[in-house]
Amino acid sequence: STGLSELASDTLSETLPSKPGIVLQSLGEKWSKFSYTLYLCHYPLLHVVYKYIYPVQSDQMNLCTTLTILLIATCVTLICYPIYYLFERHTSTVKQFINSHLIHKP
């Protein structure tokens, strides 16, 4: 089973000797694998957080607000990754199964 720490360490170990642009490209490719899950889940999660857990009470940006927003974004990402791990990472396997077993080709 691959977790976020393994994903990060694999990415860094594979790309550290390379140029920064290649490092960013490799990181982007690995993290983009769960971008659709993040896209689908982030708004409902943020809505729950801002409605019930941390209602925004001020329009001012300060250090505390900035750190809170970063913490919330990190938590949302950490919640979305297991959702990806359970469902989206199996997309190609499900697609192959459907194509080979359920779709009758003439």
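Residues numbered from 1 in each chain as written. Predicted model: local features only at pLDDT ≥ 70, side-chain atom pairs only at ≥ 80, totals over all residues. Heavy atoms only, no water.

Draft legend 1. Spotlight on the packing of aromatic side chains. Here the structure, examined in full by the defined rule, presents 5 aromatic pairs. Ring geometry for F34 versus Y84: centroids 6.0 Å apart, planes at 50°, classification tilted. Of this pair, F34 sits in the loop between α2 (20-32) and α3 (35-53) while Y84 sits in helix α4 (residues 63-86), and the two are 50 residues apart along the sequence. Residue classification places Y84 among the buried positions, given a relative accessible area of 11%. Three or more aromatic residues joined by ring pairs make a cluster, and in this case those are F34, Y81, Y84 and Y85. One residue, R89, lies across the ring of Y85, its end atom 3.8 Å from the ring centre. (Phe/Tyr/Trp six-rings, centres within 6.5 Å; stacked < 30°, edge-to-face > 60°. Helix = DSSP H or I, 4+ residues; strand = E, 2+ residues; numbered from the N terminus. Buried < 20%, exposed > 50% of the residue type's maximum accessible area, 1.4 Å probe, protein only. Lys NZ or Arg CZ within 6 Å of the ring centre and 35° of its normal.)

None of this, on its own, says anything about what the molecule does.
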